[in-house]
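Each chain, written out:
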Amino acid sequence: MKPVDGVALTVVVVLFVLVGLLGFYAARWRGGGKDGLHTLDEWGLGGRKFGSWITWFLLGGDLYTAYTFVAVPAAMWATGAVSGFFAVPYTVVLYPIVFLLMSRLWSVSHRHGFVTTADFVGGRYGSRTLTLAIAVTGIVATMPYIALQLVGIKSVLTVLGVGSGENWLLNDLPLIIAFVVLAAYTYTSGLRAPAMIAVVKDVLIYLAVLVAIIYLPGKFGGWDHIFGAAQTKLGAVSAATGKPVGSVIPGAASFSAYWTLALGSALALFMYPHSVTGVLASKSRNTIRKNAALLPLYSLMLGFLALLGYVAIAAGTKPKELNGTINPQLVVPQLFLDNFPSWFAGIALGAIAIGALVPAAIMSIAAANLFTRNIYRDVFRPNASPRQEAKVSKLVSLAVKFGALIFVIAMDQSAAINMQLLGGIWILQTFPAIVAGLYTRWFHRWALFAGWAAGIIYGTVAAYSVVNPVTKAHFGGSIAAIPGTNVPVYIAIVAFAVNVIVAVLLTLILRVLKAPEGSDLTRSSDYGADEDDPKVRKVARELPTEPIA
Amino acid sequence: MSSTQLPPDIPTRGPAKPGPYVISGVLLAIAVIFPLLVPTYARSTPQLGGLPFFYWYQMLWVPIDAALIGVCYALMSREDRRRRQILRCPDPGRTDDGGAEDGVTDDGVTEGGEAR
C-alpha cells in the first residue's frame, strides 16, 4: 500500500473545491441571469457569444483532455513515437482543416439556429434517417470519451494513494464525489461552467508543463542522456512478439501508420459533438478562424508533455498501481510527485484532474444536445418549446455522466479504451455527410447513409480483428493492413475511403434512378453569414407569407 | 418543410475575388501535407540541444502552421469585409451582376449574382 501524500492531496482538494464553486457561479456569468438558463442556446451554447479569448481557453480545455495528458506520455513511455508522438502532427494538421471547415459550419448554424451537426445534416438533406445516424454516432462515440476522462482523474487519485480501501464503494468514493459535483454544476450552469473553469485549468497546465520541461531534463542528464535511456528501454526485445517493444524514431515499416493516424485523428476530431459545441458557442464567424491560428500553442505544450514520457524513463519512474501492477498511465502523475515538492506536484496533479472536468462537462452537454434536438424533438416531440428542450437536455446530461461513471466503475478500464478506439473510427464516418454538405449538395442523402453504414461495418470488423500479441484479446489496436496489401494504416482512414466510394457510386446510381432528393433548408448565402446578418427566422417573418414559386 | 416556404436567397456577401482564396488554399495545403511526410523527417540527425531531428522538426511545424494560418486569417477576413462592403454600398458604376467576371467564391457560387 502506498502512503498518502497529505500536502499534495490537500492542494488537489482545494483546487477542486475552488473550481466547483466557480462552476456554480458561472450560471450568472455573461448575462446568464438569476432565474436559470432556459434555452439550449443559453444552457448548451453559453449564449452563443464567447469571444476569441474564451473560445481559446474553452476549445483548448475541450480538445486537450486529461486523458490526452495521461495517455500520450504513457504511450511514449511504453512503446515510443508511433503510438505517442503522432499526437503532435495530428494536432498540427488539425488546424488548417478547422480553419477551412468550421467557419462555414458556424455561419449556417448561426443563421438557422442549429445546435448540433445532426441539426445541420437534417436541414441540409431533409432525411431523418441520416440525421439519426449522425446523432447516434455522435452520442455513442462521446460516451466512452467521457469515461476516459474519469480514468484520467483516477490515475491522479491512485498516484496520490487515494482509494486503496478493500471496499469497492470506498475505493471509488472520491471519484463519485468528483463526478456528482461536476454533474451538479453542469446541470445549473451549462456550457458557461466549463468555459470559466477552462481558464483556471489551462493556466495551471501551462505552468506545470513549462516548469517540468525546463527543470527536469537538466536533472536527468540532458536530452542526450534521456533519449539514450529511451532507446535502451524501447529497443529491448519483447518476449511475446520477438520484436523490439517500441522505437524512438519510427522505421520505414510504420511510416504509413504514423501519418494515417495523424491525419485520420485530425479529420475526426471536429466531427465529435464536443468540438462542434465549442465552435458554435463562439460569437462570430471569424472567432474560430482566429483560434485556428492561436490554438496550436496547445500542441506545442502537448509535444513537451509527450517528451515527459521519455524523461520518466530516464528518471526511473515506476508507475505502479496500488496493488503493485505496472500501469503506464500513471507515469506522468508519478513523475511529478517523485521530482517536485509536494505543493507543486499538487498543482500539477490538480491541473490534470480539473483537466478532466472541462471536457467531461462539454461532452455531456454536447451528447445531451444531440439527444434533445435530434432524437427527442425530431422523433418524439416535433413541437417541443425551447424551454422543454433545455429541460430535457439538462436531465440527459446527468444521465450521460452517470452512464460514464458506471462504465468506469463496473467495467474493466480496457473496455472504455476499446470503445474509445472504436468511437474514433465511427465518428470519422460522419465526415462525408457533414463536410460535403458544407460545400455541395451533390451527394444523395441515401448514398451518404449507405456510405456511413459501410464505413462503420468495415471499421468495426477490422478493429475487432486486431489481436493483441501479448494478451490475445480483440480490439488490440487501431492499425491494420489495407485489405489486399500489407501496408499497415489507421483503420479509420480505410473505413473512410470505403465510406466515400460507396457514397459516390450510390449517388451516381440514385441520380440515374431519379430518387427523391429531399428538401434543403439552407441557401448558399447562409454559408458566408456573419453575426450581424439577419437570421433566417427573422428574415422569414418580414417576408410575405404566400409561397414563393 | 417543403422548399416552397423558403424565403428567397438574400445574399450576405458580394462576389469574391479568387486571389485570396487561391493563396489561402495553397498555404493550408502546405500546412497539412508537410507535417505528414514522415520519410522527410524520420531520422535522428541533425540534433537540436540533444533532441533528435524527428522530434524538434515536428514541433517546429507547430509555429509554422500557426503562422501560415495567421496569414490565411488576415487574407480571409479582409476579403470577407470587402465582400460585405460591396453589398452595403454597391459601386454605382457596377450592377449586381457586374461581379460575375470574378464570380468564383469559396463555394463556387456567385452569391451576389442571385440578388434581385
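Residues numbered from 1 in each chain as written. Chains lettered and ligands numbered in written order. Predicted model: local features only at pLDDT ≥ 70, side-chain atom pairs only at ≥ 80, totals over all residues.

**Considerations on the overall build of chain A**
The secondary structure content of chain A amounts to 23 helices and 2 strands. Each of the three principal axes of chain A carries a C-alpha extent, and together these read 75 × 60 × 40 Å. Looking at chain A residue by residue over its 549 residues, the buried ones come to 59%. Considering only residue pairs separated by 6 or more positions, chain A has 83% of its internal contacts joining residues 24 or more positions apart. (Helix = DSSP H or I, 4+ residues; strand = E, 2+ residues; numbered from the N terminus. Buried ≥ 20, exposed ≤ 12 C-beta atoms within 10 Å, placed from the backbone. Contact = placed C-beta atoms within 7 Å.)

**Structural notes on the overall build of chain B**
Scanning chain B for helices and strands turns up 2 helices and 0 strands. The buried share among the 116 residues of chain B stands at 30%.

**Focus: the interface of chain B and chain A**
Every contact between the two is made by 43 residues of chain B and, on the other side, 48 residues of chain A. Elements with a contribution of two residues or more to the side of chain B that touches chain A: α1 (18-33) and α2 (53-88) of chain B. The element contributing the most residues to the side of chain B that touches chain A is α2(B), with 13 residues. Here the residues of the side of chain B that touches chain A sort into 26 nonpolar, 11 polar and 6 charged. (Nonpolar A, V, L, I, M, F, W, Y, C, P; charged D, E, K, R; others polar.)

**With respect to the confidence of the model for chain A**
Here chain A averages 86 in pLDDT, while 94% of its residues score no lower than 70. Counting interchain partners and residues more than four positions distant, the pLDDT-below-50 stretch residues 538-549 of chain A has 9 contacts. (pLDDT = per-residue confidence, 0-100.)

**Digging into the confidence of the model for chain B**
When pLDDT is averaged along chain B, the result is 76, and 70% of the positions lie at 70 or above. When the criterion is pLDDT under 50, residues 93-116 of chain B qualifies, and its contacts beyond four places in sequence or with other chains add up to 47 contacts.

**Description of the packing of helix α8 (residues 128-159) of chain A against helix α16 (residues 331-339) of chain A**
All names here are of chain A. α16 packs onto α8 with a crossing angle of 35° between their chain directions and a minimal axis gap of 9 Å. With respect to the hand of their crossing, α8 and α16 are arranged in right-handed fashion. Touching Ser155, Val156 and Val159 of α8 are Pro333, Gln334 and Leu337, all from α16. By residue class, the composition of the contact of α8 with α16 is 4 nonpolar, 2 polar and no charged. (Axes fitted to C-alpha atoms, helices over the stretch in contact; angles between N-to-C directions. Left-handed = near helix turned anticlockwise from the far one by under 90°.)

**Regarding the nonpolar core**
All names here are of chain A. Membership of the largest hydrophobic core comes to 216 residues, with the highest contact counts inside it found for Ala147, Val311, Leu349 and Leu428. Per element, the largest residue contribution to this core is 22 residues, and it comes from helix α17 (residues 342-380). Setting aside residues no more than four positions away along its own chain, Val311 makes contact with Leu216, Pro217, Phe220, Ile226 and Leu335. (Core = buried A, V, L, I, M, F, W, Y, C linked by C-beta atoms within 7 Å.)

**A word on the packing of α1(B) against α2(B)**
Residue and element names in this part refer to chain B. Orientation of α1 relative to α2, taken along the N-to-C sense of each, is 165°, at an axis distance of 9 Å. Taken together, the axes of α1 and α2 lie roughly antiparallel to each other. Crossing hand, α1 versus α2: left-handed. Note on element contacts: α2 touches α1 through Asp65, Leu68, Ile69, Val71, Cys72, Leu75, Met76 and Glu79, opposite Pro20, Ile23, Ser24, Leu27, Leu28, Ile30 and Ala31. Broken down by class, the residue content of the contact of α1 with α2 amounts to 12 nonpolar, 1 polar and 2 charged. (Parallel < 35°, antiparallel > 145°, perpendicular 65-115°, else oblique.)

**Topic: the environment of Arg13(B)**
Summarising the element assignment, Arg13(B) is placed in the segment before α1. Using a count of 24 C-beta atoms within 10 Å as the deciding quantity, one classes Arg13(B) as buried.

**Side note on unusual backbone geometry**
Thr45(B) connects to Pro46(B) through a cis peptide bond whose omega is -5°. Here Pro46(B) is to be found in the loop between α1 and α2. Phi at Arg48(A) is positive, roughly 55°, even though this residue is not glycine. Note that Arg48(A) resides in the loop between α2 (40-43) and α3 (52-63). Assessed through the 21 C-beta atoms surrounding it within 10 Å, Arg48(A) is described here as buried. The backbone phi angle of Lys514(A) is positive, close to 55°, even though this residue is not glycine. Within the element layout of this structure, Lys514(A) appears in the loop between α22 (491-513) and α23 (536-542). Taking the C-beta count within 10 Å as the criterion, Lys514(A) has 7 such neighbours and is therefore assigned exposed.

**Let's talk about helix α15 (residues 296-315) of chain A**
Residues and elements named next belong to chain A. Spanning 20 residues, α15 covers 29 Å between terminal C-alpha atoms, matching the ideal 28 Å at 1.5 Å per step. Within α15, 17 of the 20 residues are buried, leaving the element largely enclosed by the surrounding structure. Gly316 sits one or two positions beyond α15 and adopts a positive phi of about 70°. (Expected span 1.5 Å × (residues − 1).)

**Quick notes on the environment of Val140(A)**
Residues and elements named next belong to chain A. Its place among the elements puts Val140 in helix α8. On the basis of neighbour counts, which here come to 15 C-beta atoms within 10 Å, the residue Val140 falls in the partly exposed class. Separated by 121 residues in sequence, Val140 and Val19 place their C-alpha atoms 28 Å apart. Among residues more than four places away in sequence, those in contact with Val140 are Gly423 and Trp426.

**Remarks on the environment of Ile493(A)**
All names here are of chain A. Mapped onto the fold, Ile493 is located in helix α22. Spatially, the C-alpha atoms of Ile493 and Leu263 are 8.2 Å apart, while their sequence positions differ by 230 residues. The contacts of Ile493, once residues within four sequence positions are left out, are Thr260, Leu263 and Gly264.

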